[in-house]
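These are the residues of each chain, in order.
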Amino acid sequence: MNDIDIEYLKLAISIAWRARENGNHPFGAVLVDEHNRVVLQAENTVITGQDSTGHAETNLVRLATQQFSPEQLALYTLYSSTEPCAMCAGAIYWSHIGRVVYALSETDLYAIIGPSPEHLLLPCREVFAHSKRHIEVHGPISSLETEARAVHKDFWTIQHEPDKNNADVIALNQALVDELKKKKWIQKPGVEAAFRAVLRHQFLPGRPLELVYSDRAISAKQDQDGQWLSSSSQPAMMGIMLEQLELEPGHKVLEIGAGTGYNAALMAQIVGETGQVATIDIDEDLVQAARENLVTAGFEQVQVLCADGGYGYPDAAPFDRIILTVGAPDITPAWWEQLKPDGRIVLPLMLKGSMKSVAFEQVDNHLASLSVKDCSFIQLRGDFASTGSNQVQLGPDPGLYLETLDEALIDSDAAYDLLTGPSKDWAVGVEVTVWDALIGNLWTWLALHEPRLCKLVAKGDMVARNIVPYLIGIAGKQKSMTTAVLVGKTGLVALMRPPDQPLHLVPMEKLFSSDSPFTLFVRQFGSDDLLGQRLVTQIQTWDAAGRPSFDAMHIRAYPKDAEYVPSEGEILVEKQWTKLIIEWPTVA
């Protein structure tokens, strides 16, 4: 045991915290090679993955055996926040991993959890003792006992008895709704009444109540890299979009993106017995889970379908309201056709690299926006999924690239030479948040002014090379850094935090929960001072204009083949099936 072992055990414990925050059991694991380099991380996914074998160590072993040979793994060390169970010990043995270090013992864990018929007390050393291959084991580590125990505090009581005291559940829900009202995310009486009547934990079984009744999105399904495929959306965002939708009793509603079924239940509560709600998701397991949740909560009348949401639901059309709870690159022809003439559609629409929740109504030959709000959602999947931004690799090593809507704008060799060459920093004299800079109105302002605006990303080992100026850093199975950049013919300018601010990686789910303002700088690569000055001026102009909100933005959507010439002050955005005309008075 040495200081390096302690460092990696602390990392495993931090991953256990992340698993808990993601709604899973609080366990984490790290794999380190013979040169003391982290090669893999994994967290428990038992609940979100709906897999009782989704233990942190077993998840890590599954990844490790796909990437490394038994001979390599024999030299590697697995660090775990808690002693591996019998199943995980078996997986470790068959993988040929040669060394195991854990912080908290299985015995201490079961003492925290309390009596349960599910306990299988079989220390990993006993499992390894029956093998013919030696595996070095260290643990428990007394100096880390307090930290290792802390991640389990109050978790198991809440986890196993979520409905023991229904009064507590109702109180938690009322407190959440009160918070949403106070912040004006919910203002309409019908939406408020639905949130008070429908209990969110019924759609997130097994999740800690402290998580369920917080104003946070909660993962419902992830891929093997930890990327979210489905979620229960943030309650504040759900409230905003339901208010945009303006449901009435008796309405027929189509939802694209069933998730856990919670949003469909809220809508069913509002439209009442005379209304109809149908919700679609593309994965059968999500559909089945949503259907079961809805029945449990008393909303068996909601129709849940497994289909590609891009095609809508023609058999039940037309609809008074259509709502998407996934990000869409465009308005598909099916949604337009299946909307009643006096209907309304609300969707998170991709707009110049950011996403806006837009409420549209039909007016003559086009859709006209009624409201535009900031948002961030998982992307639509299926035949109508976004092709995404182009990723332009920079340099000889993987993990450094530019995300751009137009690959032709980028000379990758020139951009890499600029990034690895001399630079200088400019103080902008403006305070912003990460949301402003990469998603919100500053990003949108810059994107509408500057066609060559894109995002610069470093992932994995490339993060430590400090090529990407620090704007945001994300912890996870694969750490990353991202910033916004303006690419010129002879230079490149990136947004950044103050140069003396140390790098701090945060989990994705916490990125905006503590989004404190910071003083914005830009870093100029290359000798083109005009490019740096131009970006600084654009930001200062945005600030001087009062940081215009999207309340002043108006969007019209026309069919792609419609003949329309934008007037002065209007911005044309060409999509696959539509052309968008944007009016944002302070931008024009």
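Computed from a prediction, not measured in an experiment: that's the story for all the values here. Sequence order as written defines residue numbering, which begins from 1 separately in each chain. Local features in a predicted model are, by the rule used here, given only for residues with pLDDT of at least 70; side-chain atom pairs are given and counted only at 80 or more, and totals for whole chains, interfaces and linings are based on all residues. The side-chain figures draw on all heavy atoms in the structure; neither hydrogens nor water molecules are used.

**Overview of the sheet that holds strand β1 (residues 28–32)**
Condition: The criterion for strand pairing is that DSSP finds at least two bridges linking the strands in question. Think of it this way: any DSSP run of H or I at least four residues long counts as a helix, any run of E at least two long counts as a strand, and we number them from the N terminus. As a rule, the C-alpha atoms of each element are fitted with a line to give its axis, helices using only the stretch in contact, and angles between N-to-C directions run from 0 to 180 degrees. For this analysis, residues touch if any pair of their heavy atoms sits within 4.5 Å.
Pairing in this open sheet of five strands is mixed, and the strands run β2-β1-β3-β4-β5 from one edge to the other. Each edge of the open sheet is held by one strand with a lone partner, namely β2 (38–43) and β5 (136–138). In this sheet, adjacent strand axes meet at a mean angle of 15 degrees when their direction is disregarded. As paired elements, strand β4 (residues 99–104) and β5 share three bridges and run parallel to each other. Bridged to R99 within β5 is E136. Contacting β1, β2 and β3 (77–82), helix α2 (residues 56–67) runs over the sheet at an angle of about 140 degrees to β2.

**A word on the confidence of the model for the chain**
Here is the rule: pLDDT gives the predictor's per-residue confidence on a scale running from 0 to 100.
Across the chain, the average pLDDT comes to 90, with 95% of residues at or above 70. In this model residues 159–165 is a low-confidence stretch, pLDDT under 50, and it forms 10 contacts with partners more than four residues away in sequence or in other chains.

**What about the packing of aromatic side chains?**
The condition that has to hold: Only Phe, Tyr and Trp rings take part, Trp by its six-membered ring, and two of them pair if their centres are within 6.5 Å. Stacked means planes under 30 degrees apart, edge-to-face means over 60, and tilted covers everything else. Only protein chains enter the accessibility calculation, which uses a 1.4 Å probe; a residue whose area is less than 20% of its type maximum is buried, one above 50% is exposed, and one in between is partly exposed. Geometrically, a lysine NZ or arginine CZ counts as sitting over a ring once it is within 6 Å of the ring centre and also within 35 degrees of the ring normal.
Taken as a whole, this structure holds 12 aromatic pairs when the rule is applied. Here the aromatic rings of Y311 and F384 are separated by 4.7 Å at their centres, their planes lie at 80 degrees, and the arrangement is edge-to-face. One end of the pair, Y311, is in the loop between β10 (303–306) and β11 (319–324); the other, F384, is in the loop between β14 (366–374) and β15 (390–393), and 73 residues separate them in sequence. Residue classification places F384 among the buried positions, given a relative accessible area of 13%. Here F384 and W577 contribute two aromatic rings whose centre-to-centre distance is 5.4 Å and whose plane-to-plane angle is 50 degrees, an arrangement assigned as tilted. Highlighted residues: F384 in the loop between β14 and β15 and W577 in the loop between β25 (571–574) and β26 (578–583), separated in sequence by 193 residues. Over the aromatic face of F319 sits the side chain of K252, whose NZ or CZ is 6.0 Å from the ring centroid. The aromatic ring of F518 is capped on one face by R497, whose charged end is 4.2 Å from the ring centroid.

**A closer look at the pairing of β15**
The two faces of a sheet get side chains in turn, since along a regular strand they alternate between them. Pairing geometry for β15 and strand β16 (residues 400–404), over four bridges, is antiparallel. The residue bridging Q391 from the neighbouring strand is E403, located in β16. Turn length for the β15-β16 hairpin, with the two strands adjacent in sequence and antiparallel, is six residues, and the turn residue G395 shows positive phi of about 80 degrees.

**A closer look at the sheet that holds β14**
Taken together, the 10 strands give an open sheet; going across it, the order is β10-β9-β8-β11-β12-β13-β14-β24-β26-β25, and neighbouring strands pair in mixed fashion. Strands at the two margins of the open sheet, each flanked by one partner only, are β10 and β25. Neighbour-to-neighbour, the strand axes of this sheet turn through a mean angle of 20 degrees, independent of strand direction. As paired elements, strand β9 (residues 276–281) and β10 share four bridges and run parallel to each other. Within β10, the position partnered with T279 by the bridge is V304. Relative to the sheet, helix α14 (residues 284–296) contacts β9 and β10, its axis offset from that of β10 by approximately 170 degrees.

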